[in-house]
Amino acid sequence: MEEGPLVFFVNGKRVQDAKVDPEETLLYYLRNTLKLCGTKLGCGEGGCGACTVMVSHFKDGKVVHRAVNACLAPVMSVHLCAVTTVEGIGSTKTKLHKVQRVLVENHGSQCGFCTPGIVMSMYTLLRTNPVPTEHMIERALQGNLCRCTGYRPILQGFKMFTAEGRIDDENNNGPASGVCALGDDCCKNNPSWISLYTPDDASQEPIFPPELKTANFSAPLLLAGPRATWFRPASLVDFLKLRMNHPESKVITGNTECGVETKFGGRFYPKLISPVAVPELNVIRINEARIVAGAAATLNEIDAEIRKFCKTSPGARNQVGEAIVEILRWFAGDQIRNVSAIGGNLMTASPISDLTPILMAAGATAKFAKFNGESQIPETSCVPIDATFFTGYRKTVMPETSALLEVLIPHNAENGFFRAYKQSKRKEDDIAIVNAAFLVDFEPDSLIIKTFRASYGGVGPTTRLAKSADKFIGLEWNEQLLTDMSEALQSEFDLPANCPGGFVAYRKCLVTSFFFKFFITVQHELSKKGLCAPVKDSDVSDLDREPFESIQCADVETSDAVGQSKKIISGAKQCSGEAVYLDDMPKLDGELYFGPVLSQRAHAKIKSVDFSAADAVEGVAGHVWWKDVKGENKINDEEYFRQELVTSCGQIIAGVLAVDEKIARRAARLVKVEYEDVSPIIVTIEDAIKHESFLPNAPRLRHDRGDPDAAFEEAEHKIESSVRMGGQEHFYFETNASYCIPIDNSDEFHLHSSCQNIAEGQHSAAHALGVQMNHVKFDVKRLGGGFGGKESRFHLLSSAVAVAAQKFNRPVRCMLDRDEDMMYSGGRHAFYSEYKVGFDSAGKISSVAINGYQNAGCSTDLSVGVLSRYIDHSINCYNFPHFRVVGHCMRTNTPSNTAFRGFGGPQGMLVAEDIISKVADYLKLPVEEVRKTNFLKKGDRLPFGTDDKQILTDEHIIEDLYEKTDASWNLAKRRAANEEFNKVNKFKKRGVALVPTQFGIAFGLKFLNQGGALVQIYTDGSVLVAHGGVEMGQGLYTKMIQIASKELDVPFEKIHTLETSSTTVPNASPTAASYSSDINGWAVKKACEELRERLAPIHETDPFISWEEKIKKAHLQRISLSATAFWKAPDVTWDPIARIGKRYNYYCYGACGADVEVDLLTGHHTVNRFLNRNELNLIQVRDAEIMMDVGRSLNPAVDIGQVEGAFMQGVGLMTMEEELYSPTGRLLTRGPGAYKIPGFGDIPAKLKVSLYDKFSNRHGLYHSKGVGEPPLFMGAGVFYALRDAIRQVNSEPVLDWHSPATVEKIRLSVGDALSTSVSLEFGKNSLLFSIFRQNRRLQLRMLLGAFVDKLVDFYLKLFSLYTFSVVQTMILYKNMSHDISILFSAIKVFINKMASSSLVCKMASSTPSSAVHPLLEALP
Ligand SMILES: Cc1cc2nc3c(=O)[nH]c(=O)nc-3n(C[C@H](O)[C@H](O)[C@H](O)COP(=O)(O)OP(=O)(O)OC[C@H]3O[C@@H](n4cnc5c(N)ncnc54)[C@H](O)[C@@H]3O)c2cc1C
Ligand code: FES
Ligand code: FES
């Protein structure tokens, strides 16, 4: 094979490179070689979509466009392709593309780091489907995440490209459907929108390069790099010869598996063979007998061909094909499906592959091929994909030096049934926890089973074919089979408690639940033929989302810039990829990259560090560690470089400096750190309590009012309970990044960092460098998100980078990889709260006493502040007359937890809401009634301090806001409708909730409540505004410019902000606490007032001259055109230790109603919308509705964006996001593959957000209020709606409901016999465990002690064996059969089984009542 250069096109320009390193990804090449930095690195593992580009090639006479993850695509894979990046389609300097414009206009970009990827996914879709449907749009965006916007504005904007949302440009009369996605921005009001549908510039629809149409796409290629060689054979013979000659070679199809292995697993493959140009491996043939897919056929190609076949040849035999299509819908995102191949999926031999269960159950065959040296022709062999195909974890029967040629998948029989199922943490773009496929077919004209296969993934080291199915062949398909098969499956897939992968109880549940789903689906089909009792359609339909709808309401009258929905100032640059983030800054001559060496142990002594291997790598300049710190290595209770002891994984030990990132990271892996473990390793709060591991420097915070103990004793009713909230990863899109340029031979330092706290960064760097702060200039241009995560954790990295710059006297840069960032930076504090509550029969609470424990992680950081806010918010908006809360900071060997949107507030509010919910449970009262009974009212006194400032005035509006939300959302009507739904639906339940919030605004430390600004006017009339706040997507710069525009009375466009810098505003408070608009805004206002005053004489003498003339005159008259200003919050008097004084400047209020539907069999849920509008007689039906008090909004569009983004982050916190640690303290959820944040598919199908319309804030800037943090708790609306749904079936008198309510926990909370028995059995000992252990088991354990516990173990095992099958049978008979005789036989089975074991009866009465399903109780 001839060596040749890589040839491809980027944005129309030809690239030819014979020296490219085949190990490089396309993203690395674009950013580093071509300097196209619009495409971002968000995760490097295909999980976030930030790196999406369009790759086009010419095939069968057509140009094929595909969205691709550039972070996984090898640069070699685009040989003879055209790559289009975000820079290629539009620019602020010429014209934005319509996709970019739509995002800008709809406020669809906040921090902007995800935006180029989203633009490119949508752009690619439009290139293929100019008028897509909403479903197409949602599918195209499955592989993209956004952490800021909450997705609504993006989807709403893109709806304009659909036929329904499209503006009717001929008549200029709104969209064809009559409902305009833009609401008031409809083209009727804004004719400029019509330009969306006019053709873009030629430059914006790059044409496919003619050269690539004529080039031979199938031409072979060989390219040898420094370490690896890339082969692209063009024939099967060449391909197989290569396999024979290089047995160590790796076949690379989509690289979506291998790319992750090499980046994160440190694997190295020296010989890479791409079969993309081998025709035999790329075929897809579908005929009446089977589907044949070449090993390199991509998943989306297969999907398209099957759809086409099913359309042209419909029939009952297509169920296997349909199952493939259905499962591919939930398989990753389009970017992955566009490149990953069926061969890659099968040969990865992953136990959670989504396709292999289907292939196994369908009876598919793998055809292998091998080059025969003697005959010189390929030899093929067919191997069934059955129980023998996988020989071990990630191993197959494929003979060495062979390759997979094709996969042959037979259709199901005419009278057969085939279905596949998948359950994952997140419905879209997530790998399975368990997946399964089932096939059954019958002897002619009977229900005698001829073929029966069940295969499961996620229940062992390989995909498994259930042996249990075999024994049912020849038997009749009936209810007895369900019982027997379920029992058989439970024993066949009896996962041990320490089974790798965790979720053991849940996985066991899913094994049976999936079969149950299949069984009722088959029954449903058979019932249509009259072969069995009827099954309702709704029992077998999946939860599905309705097309998305949204409404935003804000009513701010204004005659100036303040109050207008101005677009964020760099929105257009963000959408075009021109916005520069830290790692996009051009490289300087001599620059080095800092490859971090992070601790791999949670608690260990560092015995030695050996840099010799790393230092010897070519391109490495050296290393940096604690010995190189010229200042002090210690700051507070942390070290920049760990010296002797590590107390958590992810701490910085050293850095390796090299000429580029690739070499620095490779060399950093060669640093040998010898550890000696120190015990104990404390991971959970429970561990910390057991070991009395308190943070040494943190006070125990306490707040008392009245005598809660006496009031509790006297109370009519009492509950003692507990509630947990897990931690949360910030998942800002741009990871921590720092860049330091030494100046004047390392006498001064210019630091750039992606951080929210420039003063802290400057101070910390000076401390480490051993220089005065005035030698460090610290700048921040913009962040790709922060959410609190870049307030105080960043500085260890930025200072370490500065130390390296000082040592080598060269610029040094570092941007952490996603997994490193998640290990290094910590997250939201998990809390465990125990409490006692006393109350009367009306639900009026008299006494509350809370004991709260916080997981602070390994150092103090901001934990005391977070604990303090937890305490303040543990009342939420309720009046607890006698009240005590004690808070403890627990030290663990996990990364130091830190600020995160809400800063302890949501954790505190959850306690209050748990109290309210349990009081309502106990009294069997509607929970909202208990809420209203206990609301704080005007005249009530807050429990903090004793002065009159704690007495609530008319500014306290929670009751009014709650009522208003209810009036619009109509809880009672929804509840009634849900009751009807729940009565007739056995396997799905709906729930509703309307949850309030009250959030205090001000920093907890009094001195931080200050802000500064510098406003400068230049002689051309342009204005430069500088202040201490950092722009991270929250629109701060925009709001500040609006203020300057109003105060100076100059157009918004004349004003600009360059960056936030320690040289313009010194000692700035962090951009945090939802207070930055206030503290910086007041300062900007004051500075502008000062300037206005100076300009007043000119204005008075000549009121009609233009602004520009006025400024020129002022300059000539030697009037200073630069003003600084300083502002401090006037009446915040809080003493955090004595806990007296005025704590907050003001409060923000909100309420969220949510309506959800849960699949009881899997725990999957959706924030649904009513389907039958007529029945409800509602004009507008909503699933989630939020009303938020932001005072008089400074910028309604920005504020609504904050509400929606915070809401979705809250939904993630409370329903999906779960940090999992190993018992040795290693964070296991270290990237988007393992840690799930909500995606596009998780937003409510219908969402209404309105801003409370009373401008009540006497203290705020122009009567506005802060908005960043308060809406986060609105995610609790969904959390409590889920509780309400589960309340419909779980018969516990008082239901425990801990956050996050993940699909796993929801399923295990259902309280049916299966979930109860498995969760009791597997409550502990799981290899993976979250920051809390399973609660029910823990409580039982606490009560019974170790000895009794052993006995319980024994009993429970027996109990679970029996009760599962008995109760499951009973439920089924009860639910599915209308035949009374079947019901009697069910009772007979039940009695027989009970009689056979007295133990069962004993345990049934001694276990929690939830062991018995309420449906069973209803039996006669
Ligand atoms: C973000 C993300 C999401 C994902 N989601 C899912 C999901 O939902 N469900 C799921 O099942 N998987 C998922 N995966 C895993 C992975 O993408 C799939 O398994 C994919 O199908 C692998 O295909 P590939 O072509 O990219 O494999 P590659 O990485 O190219 O190769 C994988 C393995 O197959 C071997 N191989 C490929 N072709 C041949 C051949 N012809 N002969 C012999 N060996 C061969 C390779 O040598 C390699 O060992 C996901 C991965 C990512 C990164
Ligand atoms: S950076 Fe490629 S998908 Fe996240
Ligand atoms: S705007 Fe999407 S991640 Fe920030």
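Residues numbered from 1 in each chain as written. Chains lettered and ligands numbered in written order. Predicted model: local features only at pLDDT ≥ 70, side-chain atom pairs only at ≥ 80, totals over all residues. Heavy atoms only, no water.

As recorded in an unreviewed UniProt entry, the protein goes by Xanthine dehydrogenase/oxidase and comes from Oikopleura dioica. Listed in UniProt under the heading Subcellular location (unreviewed entry), the comment for the protein reads: "Peroxisome". On record in UniProt, under Sequence similarities (unreviewed entry), the comment for the protein is "Belongs to the xanthine dehydrogenase family." (UniProt positions renumbered as here; feature names shortened; annotations may be inferred.)

Right, let's talk about the packing of helix α30 (residues 1036-1048) against helix α31 (residues 1076-1101) for a bit. Close contact between α30 and α31 brings their axes to 9 Å; oriented N to C, the two are set at 30°. Judged on the interaxial angle alone, α31 and α30 are roughly parallel. When you trace α30 past α31, the crossing you get is right-handed. The residues of α31 that touch α30, namely those facing L1036, K1039, M1040, I1043, A1044, E1047 and L1048, are S1076, S1077, N1080, G1081, V1084, K1085, C1088, E1089, L1091 and R1092. Split by residue class, the contact of α30 with α31 holds 8 nonpolar, 4 polar and 5 charged. (Axes fitted to C-alpha atoms, helices over the stretch in contact; angles between N-to-C directions. Helix = DSSP H or I, 4+ residues; strand = E, 2+ residues; numbered from the N terminus. Parallel < 35°, antiparallel > 145°, perpendicular 65-115°, else oblique. Left-handed = near helix turned anticlockwise from the far one by under 90°. Contact = heavy atoms within 4.5 Å. Nonpolar A, V, L, I, M, F, W, Y, C, P; charged D, E, K, R; others polar.)

The next point concerns the sheet that holds strand β10 (residues 284-286). Two pairing modes exist for strands in a sheet, parallel and antiparallel, and in both the strands are linked by backbone hydrogen bonds. The 5 strands lie next to each other as β10-β11-β16-β12-β13, forming an open sheet whose pairing is antiparallel. Sheet topology places β10 and β13 (377-384) at the edges, where each strand pairs with a single neighbour. Averaged over all neighbouring strand pairs, the angle between strand axes comes to 20°, with direction disregarded. Bridge analysis of β10 against strand β11 (residues 290-294) gives 3 bridges, and the strand direction is antiparallel. Its bridge partner being in β11, I284 is matched across the sheet by A293. Most of the contacts of helix α7 (residues 236-245) go to strand β12 (residues 365-372), to which it runs at about 80°, and overall it touches β12, β13 and β16 (403-410). (Pairing = 2+ DSSP bridges.)

In terms of nonpolar packing, the biggest core is built from 224 residues, with F158, Y1075 and F1207 touching the most fellow members. The residues contacting F1207, other than those within four sequence positions of it, are C1152, A1184, I1186, P1244, L1247, P1271, M1274, G1275 and V1278. In this structure, L30, V68, L223 and I409 belong to the second largest nonpolar core, which totals 95 residues. (Core = buried A, V, L, I, M, F, W, Y, C linked by side-chain atoms within 4.5 Å. Buried < 20%, exposed > 50% of the residue type's maximum accessible area, 1.4 Å probe, protein only.)

What follows deals with the packing of aromatic side chains. As enumerated under the stated definition, the model contains 42 aromatic pairs in all. Measuring from centroid to centroid gives 6.2 Å for F368 and F389, while their planes differ by 10°, and the two rings are stacked. Taken together, the residues F368 in strand β12 and F389 in the loop between β13 and β14 (390-392) connect sequence positions 21 residues apart. A single burial state applies to F368 and to F389, both of which are buried. Taken together, a centroid distance of 5.1 Å and an interplanar angle of 15° make the contact between F438 and F518 stacked. Separated by 80 residues along the polypeptide, F438 in strand β18 (residues 432-442) and F518 in helix α15 (residues 504-528) bring together distant segments of the chain. For F438, a relative accessible area of 0% translates into the label buried. A cation over a ring is seen here: K427 above W330, with NZ or CZ 4.6 Å from the ring centre. (Phe/Tyr/Trp six-rings, centres within 6.5 Å; stacked < 30°, edge-to-face > 60°. Lys NZ or Arg CZ within 6 Å of the ring centre and 35° of its normal.)

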